[in-house]
Amino acid sequence: MSVTVDDTVAAGGPGLPQRRRLVTALPGPASQAILARKSDAVAAGVAHTVPIAAVAAGGGVVVDADGNSLIDLGSGIAVTTVGNGHPKVVAAVQEQVARFSHTCFMISPYEGYIAVAEALNRLTPGDHAKKTALFNSGAEAVENAVKIARSATGRPAVVAFDHGYHGRTNLTMALTAKAMPYKRGFGPFAPEVYRAPGSYPFRDALSGVDAAARAITLIEKQVGAESLAAIVIEPIQGEGGFIVPADGFLPALADWCRANGVVFVADEVQTGFARTGTMFASEQFGVVPDLVATAKGIAAGFPLSAVTGRAELMDAAHPGGLGGTYGGNPVACAAALAALDVYETENLPGRAVAIGEILAGRLTGIQSTDPRLGDVRGRGAMVAAEFVHPGTGAPDAALAAAVARACIADGVIVLTCGTFGNVLRFLPPLSIDDALLHEGLDVVAASLAAA
Ligand SMILES: *Cc1c(COP(=O)(O)O)cnc(C)c1O
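Quick caveat, the model's predicted, so the values are computed rather than measured.

### Concerning the packing of aromatic side chains
Here is step 1: Under the counting rule described, the total for this entry stands at seven aromatic pairs.
Here is step 2: Where Phe 105 meets Tyr 110, the ring centres are 5.4 Å apart and the plane angle is 80°; that geometry is what we call edge-to-face.
Here is step 3: Judged by relative accessible area, which is 9%, Tyr 110 ranks as buried.
Here is step 4: Ring geometry for Phe 273 against Phe 280: centres 5.2 Å apart, planes inclined by 65°, an arrangement best described as edge-to-face.

What follows is the structure in structure tokens.
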């Protein structure tokens, strides 16, 4: 094999050649050797989608150990929104890691954590007084939002929604709707979690107001507002299938929460940070959440998450009641401050809108001649295509899986999602260039035509 990875990888980040190039079938021999070690050493439950061993990434590509360069339409699940190796993030991380990597914020606080809190208090929806607490993962943020809501209200119950996804810890598994792969065999789950129907315009044909009324009736009859601490909801459901609720659904729920002393928690772990064309998706639906859980795009891939919300709720838990050894790690905070600067100064919400126009335009173009694309939906650079059996509209998971497999084999990283597994989702890094994005979508179109 004549290609070595060294020349392409040396630059890393956005300096990588922005091209799709396959020099082997996937996985190539070098990736195969590493993946063989994975199956020997790593628990089988930790599966992977793309059969490569990554050695570099940046702009809109991921490079593997054999020198294959794949177009990235997944961003490591909506995380590397600013792009891998963004120079501002790299510089901030290098500077911080050389100074100190940990003191524990609960022992010896440091400014970076506080600056991230100030930034999130400013950037999240609403101009009320806000406070923030930092954690490590999205699931941990959602769990802490529930802790805070329970502590503030003195009530036990929590409502989550059909098709919702909130994480893999015990409480967040309970909040998550889908059994396979997230819950099966892992119970019993946390008590006092109830599930309400949401709004899925493609499948329920309900107006937002009617869908909210259906959910509220169930909550009032089966839970009771006086027992309910919080509802936890993704403004656009991520793993559940990029389900955009009908207009009016979220505001009606938020109004009901306000009238009943229930904390409205927006899980913006996947939708947050410019992804949908605004800093937070809640803004597009006209709701101001009481608490917002964030993670994924917050720090360009460093483990960091946050709960941000009304100061009086955030202050309800007693001193020492919130925290964790690593929460708000200084290197992750440095990465977040750099990433937040990039979101604002490089107008990434605007870039997400432009990318979304390309994604939605190309996909609706395919849909106009291919009835297997039942629905194309999303906001900004969070767009999905739902595959169906024409005629019946029944979900076609096999088609989504086949298209995803073919795309990956042809050098384009795409992800699937959806309760029925029949949704192909697109979450490109906002650092991808238009030509590469179009080339990736050419591969998607060809894979679908061949499927
Ligand atoms: C990914 C995700 C989570 C869980 O985040 P982790 O960092 O994987 O724990 C929670 N909620 C939503 C909406 C997510 O997309």
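### Here we look at the pairing of strand β2 (residues 61–64)
A regular strand places its side chains on the two faces of the sheet in alternate fashion.
Here is step 1: Of the two faces of β2, the one lined by Val 61 and Val 63 and the one lined by Val 62 and Asp 64 are each fully buried.
Here is step 2: One ladder, built from four bridges, connects strand β1 (residues 54–58) with β2; its direction is antiparallel. By the bridge assignment, Ala 56 is partnered in β2 with Val 63.
Here is step 3: Inspection of the sheet shows β2 paired to strand β3 (residues 69–72) by three bridges, in the antiparallel sense. Note that in β3 the partner of Val 63 across the bridge is Ser 69.
Here is step 4: Hairpin connection, β2 to β3: the antiparallel pair is bridged by four residues, and Gly 67 has positive phi, about 90°.

### Here we look at the layout of surface pockets
Here is step 1: Taken as a whole, the largest pocket encloses approximately 1400 Å³ of empty space.
Here is step 2: Contributing to the lining of the largest pocket are 41 residues, with Ala 47, Thr 49, Ile 77, Leu 415 and Arg 425 lying nearest its centre.
Here is step 3: At the level of secondary structure, the elements contributing two or more residues to the lining of the largest pocket comprise β1, α3 (75–78), α14 (397–409) and β14 (415–417).
Here is step 4: Counting residues per element, the lining of the largest pocket draws most heavily on α14, which supplies four residues.

### Topic: the sheet that holds β2
Here is step 1: Ordered by their spatial adjacency, four strands build an open sheet running β1-β2-β3-β13, and the pairing between neighbours is mixed. Single-partner strands in this sheet number two, and they are β1 and β13 (412–413).
Here is step 2: Sheet strands in contact with helix α15 (residues 434–450) are β2, β3 and β13, and its direction is about 95° off that of β3.

### Brief notes about empty space enclosed by the protein
Empty space among the atoms can be located by rolling a probe the size of a water molecule over them.
Here is step 1: In the structure shown here, the tally under the stated rule is two cavities of 30 Å³ or more.
Here is step 2: There is about 60 Å³ of room inside the largest cavity.
Here is step 3: Lining of the largest cavity is provided by Gly 198, Ser 199, Ile 233, Glu 234, Pro 235, Gln 237, Ile 243, Pro 245, Phe 249 and Leu 250.
Here is step 4: Grouping the amino acids of the lining of the largest cavity by side-chain chemistry returns six nonpolar, three polar and one charged.
Here is step 5: Estimates place the volume of the second largest cavity at around 40 Å³.
Here is step 6: Along the walls of the second largest cavity sit His 163, Gly 164, Tyr 165, Ala 177, Lys 178, Tyr 182, Glu 239, Gly 240 and Thr 419, which together make up its complete lining.
Here is step 7: Partitioning the lining of the second largest cavity into residue classes produces three nonpolar, four polar and two charged.

### Notes on helix α13 (residues 348–367)
Here is step 1: Between its terminal C-alpha atoms α13 stretches 28 Å, which fits the 28 Å expected from 20 residues at 1.5 Å a residue.
Here is step 2: What α13 keeps buried is the set Leu 348, Pro 349, Ala 352, Ile 355, Gly 356, Ile 358, Leu 359, Leu 363 and Ile 366.
Here is step 3: Elements in contact with the buried residues of α13: α12 (330–345), β11 (373–379), β12 (382–387), β15 (423–426) and α15.
Here is step 4: A side-chain oxygen of the first residue of α13 lies 3.0 Å from the backbone nitrogen of Gly 350; this N-cap is Asn 347.

### As for helix α10 (residues 249–260)
Here is step 1: Taking 1.5 Å per residue as the helical rise, α10 with its 12 residues ought to reach 16 Å, and the 17 Å between its terminal C-alpha atoms agrees with that figure.
Here is step 2: Taken residue by residue, α10 has Phe 249, Leu 250, Leu 253, Ala 254, Trp 256 and Cys 257 as its buried positions. Seen from one end, α10 has its buried residues packed into an arc of 160°, which puts them on one side. Set apart from the buried face of α10 by more than 90 degrees, the exposed residues are Arg 258 and Ala 259.
Here is step 3: Buried residues along α10 sit in contact with β5 (157–161), α9 (208–222), β7 (228–233) and β8 (263–267).
Here is step 4: Just downstream of α10 lies Gly 261, where phi reads positive at about 65°.

### Things to note about the site of the ligand
Here is step 1: The full set of residues close to the ligand is Ser 137, Gly 138, Ala 139, Tyr 165, His 166, Gly 167, Glu 234, Asp 267, Val 269, Gln 270 and Lys 296.
Here is step 2: Contact between the ligand and Gly 138: an oxygen atom at 2.7 Å from a main-chain N or O atom of the residue.
Here is step 3: Within the backbone of Ala 139, one N or O atom sits 2.8 Å away from an oxygen atom of the ligand.
Here is step 4: The residue makeup of the shell around the ligand, split by class, is three nonpolar, five polar and three charged.

### Quick notes on the nonpolar core
Here is step 1: Core analysis: the biggest nonpolar cluster contains 92 residues, and Leu 291, Leu 304, Tyr 343, Val 414 and Phe 426 have the highest contact counts within it.
Here is step 2: No other element matches α12, which puts 10 residues into this core.
Here is step 3: Taken together, domain 1 (7–85 + 348–450) and domain 2 (88–345) each give at least three residues to this core, which thus spans both.
Here is step 4: The residues touching Val 414, leaving out its near neighbours within four places in the chain, are Thr 49, Leu 73, Ala 404, Cys 407, Ile 408, Leu 424, Phe 426 and Val 444.
Here is step 5: In this structure, Ile 216, Leu 228, Ile 231 and Phe 242 belong to the second largest nonpolar core, which totals 36 residues.

### Considerations on the packing of helix α5 (residues 111–123) against α12
Here is step 1: Where α5 meets α12, the axes come as close as 9 Å, and the angle between the chain directions of the two elements is 35°. Between α5 and α12 lies a crossing whose hand is left-handed. Contact residues: α5 offers Gly 112, Tyr 113, Ala 115, Val 116, Ala 119, Arg 122 and Leu 123, while α12 offers Cys 333, Ala 336, Leu 337, Leu 340 and Glu 344.
Here is step 2: Residue classes in the contact of α5 with α12 are distributed as nine nonpolar, one polar and two charged.

### A few points about the sheet that holds β8
Pairing between the strands of a sheet comes from backbone hydrogen bonds, and it takes one of two forms, parallel or antiparallel.
Here is step 1: The strand order across the open sheet formed by seven strands is β4-β10-β9-β8-β7-β5-β6, and the pairing between neighbours is mixed. The open sheet is flanked by β4 (130–135) and β6 (193–196), the only strands paired with a single partner. Across the sheet, the mean angle separating the axes of adjacent strands is 20° when strand polarity is ignored.
Here is step 2: Pairing between β4 and strand β10 (residues 305–310): six bridges, direction antiparallel.

What counts, and at which threshold
- Residues numbered from 1 in each chain as written.
- Predicted model: local features only at pLDDT ≥ 70, side-chain atom pairs only at ≥ 80, totals over all residues.
- Heavy atoms only, no water.
- Phe/Tyr/Trp six-rings, centres within 6.5 Å; stacked < 30°, edge-to-face > 60°.
- Buried < 20%, exposed > 50% of the residue type's maximum accessible area, 1.4 Å probe, protein only.
- Helix = DSSP H or I, 4+ residues; strand = E, 2+ residues; numbered from the N terminus.
- Pairing = 2+ DSSP bridges.
- 1 Å grid on protein atoms, 1.4 Å probe; cavity = no way out; pocket = protein on both sides within 12 Å on 5 of 7 lines; lining within 4 Å.
- Points joined across faces, edges and corners; volume = space filled by probe spheres on them.
- Contact = heavy atoms within 4.5 Å.
- Axes fitted to C-alpha atoms, helices over the stretch in contact; angles between N-to-C directions.
- Nonpolar A, V, L, I, M, F, W, Y, C, P; charged D, E, K, R; others polar.
- Expected span 1.5 Å × (residues − 1).
- Polar contact = N/O pair within 3.5 Å; in protein donor to acceptor, adjacent residues only side chain to side chain.
- Arc of directions from axis to C-beta.
- Near = heavy atom within 4 Å.
- Core = buried A, V, L, I, M, F, W, Y, C linked by side-chain atoms within 4.5 Å.
- Domains from an automatic or database assignment.
- Left-handed = near helix turned anticlockwise from the far one by under 90°.

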